[in-house]
Amino acid sequence: MDKPSGESQINQYNKLSAEYSALTEIDPAKQFVQYPEALRLLGDIDGKKILDIGCGPGTFARMLSRRGADVVGYDPSIEQIKKAKQTEEQEKLGIKYFVGDRASISPEFKFDKAVSVMVLMYATDKKKLQDIFAGANEALEENGSFCSITFNPTFKRFGEVTYNRRVVRTEDGKIRVDFLDEDSNVKISANFSDFSVSDYETAAKEAGFSKIEWVKLEIVPEGKEKMGNDYWKDFENDPPYIGLVATK
Ligand SMILES: C[S@@+](CC[C@H](N)C(=O)[O-])C[C@H]1O[C@@H](n2cnc3c(N)ncnc32)[C@H](O)[C@@H]1O
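Residues numbered from 1 in each chain as written. Predicted model: local features only at pLDDT ≥ 70, side-chain atom pairs only at ≥ 80, totals over all residues. Heavy atoms only, no water.

### Quick look at the side chain of Lys113
Among the secondary structure elements, Lys113 is positioned in strand β4 (residues 111-117). Within the buried core, Lys113 has no salt-bridge partner, and the shortest N-O distance to an opposite charge, that of Asp44, equals 6.3 Å. There is a polar contact of 3.0 Å between the side chain of Lys113 and the backbone oxygen of Asp44. Aside from chain neighbours lying at most four places away, what touches Lys113 is Leu42, Gly43, Asp44, Lys49, Ile50, Leu51, Leu140 and Ser145. (Helix = DSSP H or I, 4+ residues; strand = E, 2+ residues; numbered from the N terminus. Buried < 20%, exposed > 50% of the residue type's maximum accessible area, 1.4 Å probe, protein only. Lys, Arg positive; Asp, Glu negative; His and termini not counted. Salt bridge = Lys/Arg side-chain N within 4 Å of Asp/Glu carboxyl O. Polar contact = N/O pair within 3.5 Å; in protein donor to acceptor, adjacent residues only side chain to side chain. Contact = heavy atoms within 4.5 Å.)

### Considering the sheet that holds strand β1 (residues 49-53)
Here seven strands make up an open sheet; going across it, the order is β3-β2-β1-β4-β5-β11-β10 and the pairing mixed. Of all strands in the sheet, those bounded by a partner on one side alone are β3 (96-99) and β10 (211-215). Here the average twist between neighbouring strands, direction ignored, is 15°. Taken together, the six bridges between β4 and strand β5 (residues 140-151) define a ladder with parallel strand orientation. Paired with Val117 across the two strands is Ile149, which belongs to β5. The strands touched by helix α5 (residues 78-90) within the sheet are β2 (70-75) and β3, with β3 carrying the most contacts at an inclination of about 160°. (Pairing = 2+ DSSP bridges. Axes fitted to C-alpha atoms, helices over the stretch in contact; angles between N-to-C directions.)

Below you can see the structure in the form of structure tokens.
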């Protein structure tokens, strides 16, 4: 398991590449909450230029592209971008992927909307969190918005198994998520930062966003049908994920 240091927090998705990529395609929390709710927050995307920040293996970028968006994704993980590019080779959607941050994309290239799905909390500290917001702000057209799905800062059920995962606080003040298989064995783990509501709001404002709105997330009806209501027990009372829309 990775040590929860800043360095391993940055590099961990290189090591998790294949496992994480496969998980994004089938994981109920991603397929029935995170991705459809990110689509809802984005609203109309047909013909729009969208920047997918921390795109990982490109699973969500492909959803955007199939819905008519012109998509660019970046991620600091070389391995995740390698996966995304391999898939683009197999199914050519015209998505462009970059390793790195906003600086890897031409500054003249501006976007209608930016999005990040389960990325913000991987910033190693508050300064890095602000850097992500600043990159999004700089990349957006006037009045553009940055829609994120992130770990809910008020989540309570640490140590319990919730939706194929167990989330625990670590000794050094970070959070670790263990992704579990059907027999509750740990498949992969990842460490992230324990940001508060005010950490997010301050980072967004300091980066130049004028309006910040938190959005409660829903489980799409297909997810309730497929997994059953028991699977999603207490999701509404104590959601692990939350939406954040920052407007320029
Ligand atoms: C949980 S994965 C989410 C991937 C993808 N958004 C998805 O939902 O399928 C988190 C991703 O954030 C990336 N990441 C970590 N720190 C980042 C940063 N400072 N800026 C952008 N992406 C970052 C990781 O490399 C990893 O691919």
